[in-house]
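Listed below are the residues making up each chain.
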Amino acid sequence: MATLFEFTVGSTVYRYTNAQKNVTVDSQAYTSIYIERSEINLEQLNSSLSIKMQPDQFPAKYFLDTGPPFRVNVTVYSLLASSKVVVFDGYVKKGSFENKKGIVVLRATTKLP
């Protein structure tokens, strides 16, 4: 089952998938890249997850130093047949570079009410 990721800054949306090739759903194109997510950690008020991706992709490259000066929202979907189902909706709180693996790990949390 493919997972779809949408990173949003203002009105700009970056769409990725962990599928073997690019995917189009509801006329929206998702680019196939190395990207994966952890299980969602459910807590009473907030949920969180980690997203691993290549450091040259948006928004990973902005979290290599101090983080971007703007908020990065993230929505994660499971792709079931040709429909997408939201499994996480929040924002990227911080990121770190895993030097041995050459990837960036983004830590995301749900939006507060």
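Residues numbered from 1 in each chain as written. Predicted model: local features only at pLDDT ≥ 70, side-chain atom pairs only at ≥ 80, totals over all residues. Heavy atoms only, no water.

Student: Is there a simple way to explain the overall build of the protein in this structure?
Tutor: Regarding its fold elements, the protein presents zero helices and ten strands. When the helices and strands of the protein are placed in sequence order, the string is β-β-β-β-β-β-β-β-β-β. In terms of C-alpha radius of gyration, the protein reaches 13 Å, essentially the compact-globule figure of 13 Å for 113 residues. Along the first, second and third principal axes, the C-alpha atoms of the protein reach 40 × 35 × 30 Å. Taken over 113 residues, the protein has a buried fraction of 36%. Look at the contacts in the protein between residues 6 or more apart in sequence, and 45% of them connect residues 24 or more apart. Entry remark: accessible area of the protein is about 6,800 Å², with carbon and sulfur atoms responsible for 47%. Of the side-chain charges in the protein, 13 are positive and 9 negative, and the distance between the mean point of each set is 2 Å. (Helix = DSSP H or I, 4+ residues; strand = E, 2+ residues; numbered from the N terminus. Rg over C-alpha atoms; globule rule 2.2 N^0.38 Å. Buried < 20%, exposed > 50% of the residue type's maximum accessible area, 1.4 Å probe, protein only. Contact = heavy atoms within 4.5 Å. Areas by Shrake-Rupley, 256 points an atom, 1.4 Å probe, with all protein chains shown as cover. Lys, Arg positive; Asp, Glu negative; His and termini not counted. Charge placed at Lys NZ, Arg CZ, Asp CG, Glu CD.)

Student: How should the pairing of strand 10 (residues 103-110) be read in this particular structure?
Tutor: Regular strands show a simple pattern: their side chains alternate between the two faces of the sheet. With seven of eight residues buried, strand 10 is to be regarded as a mostly interior element. As judged from the six bridges shared by strand 7 (residues 47-53) and strand 10, these two strands associate in the antiparallel manner. Each residue of the ladder has a partner; that of M53, found in strand 10, is V104. From the end of strand 9 (residues 83-98) to the start of strand 10, which pair antiparallel, there are four residues, and G102 there has a positive phi angle of about 70 degrees. (Pairing = 2+ DSSP bridges.)

Student: How do you make sense of the side chain of T17 when you look at a structure like this?
Tutor: Its place among the elements puts T17 in strand 2 (residues 12-17). A distance of 3.1 Å separates a polar side-chain atom of T17 from the backbone nitrogen of A19. Apart from residues lying up to four places away in sequence, T17 is in contact with A2, T3, L4, V23, Y30, T31, S32, I33 and I35. (Polar contact = N/O pair within 3.5 Å; in protein donor to acceptor, adjacent residues only side chain to side chain.)

Student: Before we go on, may I ask you to explain the side chain of T3 in this structure?
Tutor: Tracing the chain through its elements places T3 in strand 1 (residues 3-9). Discounting chain neighbours no more than four positions away, the residues touching T3 are Y16, T17, N18, R37, V76 and Y77.

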